[in-house]
Amino acid sequence: MIEGYNFAYLDEQTKRMIRRALLKAVAIPGYQVPFASREMPLPYGWGTGGIQVTAAIVGRSDVLKVIDQGADDTTNAVSIRRLFANTTDVATTERTQDATIIQTRHRIPETPLREGQIMVFQVPIPEPLRWLEPREAETRRMHAHADYSVMHVKLYEDVARYGHIATGYDYPVVVDGRYLMKPSPIPKFDNPKLDRSPALMLFGAGREKRIYAVPPYTAVRSLDFEDHPFRIEKWDESCALCGATDSFLDEIVVDDRNKRMFVCSDSDYCQTRRAHGHGPATDSQEAAE
Amino acid sequence: MYVAVKGGAKAIEASHALLDQARRGDPATPELALAQIASQLTLSVDRVMAEGSLYDRELAALAVKQARGDLVEAIFLLRAYRTTLPRLAESLPVDTDAMRPIRRISAAYKDLPGGQMLGPTFDYTHRLLDFALAAEGKRKTVEPVAAEPQADCPRALDILDREGLIEKVAESDASPPDLTRDPLQFPAERALRLQNLARGDEGFLLALGYSTQRGYSSTHPFAGEIRIGDVDVEIVPEELGFAVCIGEIRVTECEMINQFQGSRDLPAQFTRGYGLVFGEGERKAMAMALVDRSLRAGELGEERTSPAQDEEFVLSHADNVEASGFVQHLKLPHYVDFQSELNLIRRIRADQTREAAE
Amino acid sequence: MSASSDEPILRVEGLRKNYGSRAVCDGISFDLWPGEVLAVVGESGAGKTSLLKCLSGQTPIDAGHAFYRNAKGREIDIAASDETLLKRLQRTEWGLIHQNPRDGLRFGVSAGANVGERLMALGARHYGNIRHEAGDWLQRLEISGDRIDDLPSKFSGGMQQRLQIARNLVTKPRLVFMDEPTGGLDVSVQARLLDLLRVLVRDLGLAAVLVTHDLAVARLLGDRLLVMKDGKAVELGLVDQVLDDPQTPYAQLLVSSVLQI
């Protein structure tokens, strides 16, 4: 541990303030609770909201997993994990099922979560209505009145213009039939994992100073039309390393002739499958053109 | 077989080592001491203290050194450190009437009680690179003048006030809101706006203030008074019940005089714009005063048409620690989001191709 | 509709609205019956628009009452209702047609989305049906179906106004508030729009409060007429009665068009 700093960097008063905001967020699922976000040793936009939430809830017996883009070894995940290793001494893990707290940027693990686990999401822009209405005073009023017609108008325009709802990630959801919520920039592939999850989902936006939450077993519905139902991404390929056909795949360009291959974005999921003897499907050995 | 290009702990460590090396520069040159930075790069240190919201010359000098002279990075370092400090007490408002000035000018009056005092200023220097400075040791000395409180140095704006020609300052004993303890919420009262501006990025405020001079919500400003000097910081310890001075800080204060048409109910009078920053930061204090006045559009019944009058726009984007972080977060990987966009655009194009074929 | 037609849809009792110390509406009372159009006339500054804004929940009522009988037959006191309820009424049972189409349309999205918005606010979630119904309503307002994906900014002033009307009527509101709906238009365009409005109001059996400075508009669309001056109701009666045989000196002046209004 580095000298001169409190457990998990923040002082206890600040942690208590954040926990009060978290309790309010859990009590009103999907509602954005303003909180007095602090400057952190990492820059805004690099996960300060998630870091503050994790710092406020982490205890000595916790086991922490940090991922970015689904992987534990991406630079920002390494950096955040190291911050907590330096300021808490808690155990860290790369295995989803062993973790009690999983801080994430842009993904929810493929391995199903269980009761007692807490997901902490790093949120860049918490306000789902922001691109439709730039003013905070106005969007807060719209939430208060559950007046979300601008969002439906946007979806209508998408279908009229593109034939699809043109949102691939940070796909808007309605929580518990009441609040419109941004799930943070996870691919819409991960949206169904939010619905009635046994785990507690906490969302922290540091620069925008908002905290919100989805309590366990809460209904989370992705917006859609009856005749243009919400659908998740699908791949014709399987993972080139473990053969998985049910996971989110990253596309890797392997040469300058547009040769590509696909691998699991969730490195722990991929690793675990390989450890259990799974390998590439025989017909996907060749990378797709 | 494919090996993930995802970085790792080793790469980060190597990068940190390189950074440290780059910071140190050529080992043949002597290393900068904090005292050198604190006493010779004073205006860098002042800016870092002002926008870092922490008055500590030594820590600010350390931040400048560690940030390789990148002031926004240094401000960030200071803020992140400040986060970890307990708040022991809240000071009384500093009394700038009792300032011991090193500089005091008014552009509105040719002469006024207390006089004009230029002090150390770049104004009226010719901006000619001084090659003599490249060689060490050149120094001009002046007879030191004691910086004493000037009893007969009333504020320029008080002169107008006595004639009733300028709006009264709304005085209040209420505690001002505290941005470091409560999140910014809108609409924001003036005290909160001023706090935000005092921490705000000098370049951003400069550009906004400048825009008001170029027709984007003109406020017809006059630099009523600018003073730089030292003020006492006082606290009232609970166990004592009276104020004690715990030290002094240097601040720059700017009071702008702005025109106001008046209305049917209100006689024509001047209005105020206010700027106050830690250290010597005249450019920032002036820009702050211009923007403060512009942001009062609603209160003074002026139509809001320009960016500098738009409270949410100005206050939400003034903080350079927030802005720098979020702009630069675009460097972080976005593979997953990008993959989703790729899938979507391919699907839309495939549908279009199929429809065109039908 | 379950509300019976032998009870007023809107009851206004002693309504007062102040700006500073001045009353811009003072002691206004009237009943509005289902299917009835009340035209409010008077010179500018008489308080017509303030009255409309009070009744439609856009600005608070300072004294008195305005009771709206909703689709379920329950009376709601507009003066005592919170913003959430009023907003919901505005996008469900009420329509609101502004003089300037910019105030009543979203200029950043297509005509179809503008009309579909109210359907979606009421819970419609079938894109095909929403689009179909929006197209129907555009045609009813004489806007060609192939303009459905165009932005309102590409429409003429008259078309924008018709689009605003379609956007309001698509959910079949029970009560419509209109503020100088033909105000900013050329005379020939005005006549066509008025004709269209008259047919729609009759066909849909709409109750409406119509603010206008134009007595011809009042005669064409209105059933009854409320004459306002300096915030007060000067005369209230059947349109033809008031226009043909005004009782008060002010109404006589107004009708004889001596007044510049």
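Residues numbered from 1 in each chain as written. Chains lettered and ligands numbered in written order. Predicted model: local features only at pLDDT ≥ 70, side-chain atom pairs only at ≥ 80, totals over all residues.

Engineer: So what's going on with the overall build of chain B? Which residues, and what values?
Structural biologist: Helices and strands together make up the secondary structure of chain B, namely 13 helices and 4 strands. Principal axes of the C-alpha set define a box for chain B whose edges measure 85 × 65 × 55 Å. Every one of the 358 residues in chain B was classed for burial, and the buried ones make up 31%. Counting only contacts in chain B whose residues sit at least 6 apart along the sequence, the fraction spanning at least 24 positions is 65%. (Helix = DSSP H or I, 4+ residues; strand = E, 2+ residues; numbered from the N terminus. Buried ≥ 20, exposed ≤ 12 C-beta atoms within 10 Å, placed from the backbone. Contact = placed C-beta atoms within 7 Å.)

Engineer: Could you give me a rundown of the overall build of chain A, with the residues and numbers involved?
Structural biologist: Counting its regular elements, chain A contains 7 helices and 12 strands. Its C-alpha radius of gyration of 20 Å places chain A within 12% of the 19 Å reference for a compact globule of 289 residues. For the C-alpha atoms alone, the extent of chain A along its principal axes is close to 55 × 50 × 35 Å. Sequence separation of 24 or more characterises 63% of the internal contacts of chain A that already satisfy a separation of 6 or more. (Rg over C-alpha atoms; globule rule 2.2 N^0.38 Å.)

Engineer: Account for the sheet that holds strand β4 (residues 271–278) of chain B, with residues named and values stated.
Structural biologist: Residues and elements named next belong to chain B. With antiparallel pairing, 4 strands are arranged side by side in an open sheet as β1-β2-β3-β4. Sheet topology places β1 (100–105) and β4 at the edges, where each strand pairs with a single neighbour. Direction aside, neighbouring strands of the sheet carry axes that sit 20 degrees apart on average. Here 5 bridges tie β1 to strand β2 (residues 221–235), and the two strands are oriented antiparallel to one another. Paired with I105 across the bridge in β2 is I226. (Pairing = 2+ DSSP bridges. Axes fitted to C-alpha atoms, helices over the stretch in contact; angles between N-to-C directions.)

Engineer: Just give me the short version of the sheet that holds strand β2 (residues 63–68) of chain A, but keep the residues and values in it.
Structural biologist: Residues and elements named next belong to chain A. Pairing in this open sheet of 7 strands is mixed, and the strands run β1-β9-β8-β5-β4-β2-β3 from one edge to the other. Across the chains shown, the open sheet's two edge strands, defined by having one partner strand only, are β1 (33–34) and β3 (91–92). When strand β8 (residues 200–205) meets strand β9 (residues 210–214), the two strands line up antiparallel, connected through 5 bridges. Bridge pairing in β9 links A205 to R210. The sheet contacts of helix α2 (residues 48–57) involve β4 (101–105), β5 (118–122), β8 and β9, and relative to β5 the element is tilted by about 150 degrees.

Engineer: Which residues make up helix α12 (residues 320–328) of chain B, and what values do they have?
Structural biologist: Regarding α12(B), the residues found buried are B:N320, B:V321, B:E322 and B:G325. Buried residues belonging to α12(B) abut α3 (42–52) and α5 (71–83) of chain B.

Engineer: So what's going on with the interface of chain A and chain B? Residues and values would help.
Structural biologist: Taken residue by residue, the interface counts 51 residues in chain A and 44 residues in chain B. For the side of chain A that touches chain B, the leading source of residues is helix α3 (residues 75–88) of chain A, giving 4 residues. For the side of chain A that touches chain B, the per-class residue count stands at 23 nonpolar, 14 polar and 14 charged. (Nonpolar A, V, L, I, M, F, W, Y, C, P; charged D, E, K, R; others polar.)

Engineer: Could you give an account of the packing of helix α8 (residues 190–199) of chain B against helix α10 (residues 282–295) of chain B, with specific residues and numbers?
Structural biologist: Residue and element names in this part refer to chain B. For the pair α8 and α10, interaxial distance at closest approach is 10 Å and the crossing angle is 150 degrees. In terms of axis orientation, α8 runs roughly antiparallel to α10. Seen along the crossing, α8 lies across α10 with a hand that is right-handed. Of α10, the residues touching α8 (which contributes R193, L194, L197 and A198) are M288, V291, D292 and L295. Here the residues of the contact of α8 with α10 sort into 6 nonpolar, no polar and 2 charged. (Parallel < 35°, antiparallel > 145°, perpendicular 65-115°, else oblique. Left-handed = near helix turned anticlockwise from the far one by under 90°.)

Engineer: Give a description of the pairing of strand β3 (residues 37–41) of chain C that names residues and reports values.
Structural biologist: Residue and element names in this part refer to chain C. Counting buried positions over the 5 residues of β3 gives 5, a clear majority of the element. Along β3, one buried face is formed by V37, A39 and V41 and the opposite face, lined by L38 and V40, is buried too. The pairing of β3 with strand β8 (residues 207–211) spans 4 bridges and is parallel. Paired with V40 across the two strands is V211, which belongs to β8. Note that β3 and strand β9 (residues 224–229) share 4 bridges and pair parallel. Its bridge partner lying in β9, V41 is registered against V227.

Engineer: Give a detailed account of the interface of chain C and chain A, specifying residues and quantitative values.
Structural biologist: Counting from both sides, the interface comprises 18 residues of chain C and, opposite them, 13 residues of chain A. For the side of chain C that touches chain A, the secondary-structure elements that each account for two or more residues are α2 (83–91), α4 (111–121) and α5 (127–140) of chain C. With 6 residues, the top contributor of residues to the side of chain C that touches chain A is α4(C). Class assignment for the residues of the side of chain C that touches chain A results in 6 nonpolar, 6 polar and 6 charged.

Engineer: Could you give me a rundown of the environment of B:P154, with the residues and numbers involved?
Structural biologist: Mapped onto the fold, B:P154 is located in the loop between α6 (131–134) and α7 (156–162). Residues contacting B:P154, with those up to four places away along its chain left out, are B:P113, B:G114 and B:I159.

Engineer: Lay out the pairing of strand β7 (residues 175–179) of chain C with the relevant residues and their values.
Structural biologist: All names here are of chain C. Burial analysis of β7 places 5 of its 5 residues in the buried class, which makes it a mostly covered element. Of the two faces of β7, the one holding L175, F177 and D179 and the one holding V176 and M178 are both buried throughout. As paired elements, strand β6 (residues 94–97) and β7 share 4 bridges and run parallel to each other. Note on β7: the bridge partner recorded for W94 is L175. Across 5 bridges, β7 lies against β8 in parallel orientation. Bridging across to β8, V176 finds its partner in A208. Regarding topology, helix α7 (residues 187–204) serves as the crossover connection from β7 to the parallel β8, and that connection is right-handed. (Right-handed = clockwise from strand over helix to strand, strands pointing away.)

Engineer: Would you mind going over the environment of C:W33 in detail, with residue names and values included?
Structural biologist: Residues and elements named next belong to chain C. Considering the arrangement of structural elements, one finds W33 in the loop between β2 (22–32) and β3. Between the alpha carbons of W33 and L86 there is a distance of 20 Å; along the sequence they are 53 residues apart. Beyond its immediate sequence surroundings of up to four residues, W33 is in contact with P8 and I9.

Engineer: Outline the environment of A:L223, listing residues and values.
Structural biologist: Residues and elements named next belong to chain A. Considering the arrangement of structural elements, one finds L223 in the loop between β10 (220–222) and β11 (249–253). With 19 C-beta atoms packed within 10 Å, L223 lands in the partly exposed category. The spatial distance from the C-alpha of L223 to the C-alpha of V174 is 7.0 Å, given a sequence separation of 49 residues. Those residues in contact with L223, other than ones at most four positions away along the chain, are M151, L155, P172, V173 and V174.

Engineer: Any details on helix α9 (residues 202–213) of chain B? Residues and values, ideally.
Structural biologist: Its 12 residues place the ends of α9(B) 17 Å apart at the C-alpha level, agreeing with the 16 Å of an ideal helix rising 1.5 Å per residue. Looking one or two residues past α9(B), B:G215 carries a phi angle of roughly 100 degrees, positive in sign. (Expected span 1.5 Å × (residues − 1).)

Engineer: Pulling in residues and values, what's your account of the confidence of the model for chain A?
Structural biologist: Averaged over chain A, the pLDDT score is 92; the fraction of residues at 70 or greater is 98%. For the stretch residues 284–289 of chain A, pLDDT sits under 50, and the model shows 12 contacts to residues farther than four places along the chain or on other chains. (pLDDT = per-residue confidence, 0-100.)

Engineer: Report on unusual backbone geometry, specifying residues and quantitative values.
Structural biologist: Backbone torsion omega between B:F186 and B:P187 reads -5 degrees, so that peptide bond is classified as cis. Within the secondary structure, B:P187 is located in the loop between α7 and α8. A positive phi angle is found at A:Y9, which is not glycine, with a value near 70 degrees. Looking at the secondary structure, you find A:Y9 in the segment before α1 (12–27). By C-beta crowding, A:Y9 is classed as buried, having 23 other C-beta atoms within 10 Å. Unusually for a residue other than glycine, A:K209 sits at a positive phi of about 60 degrees.

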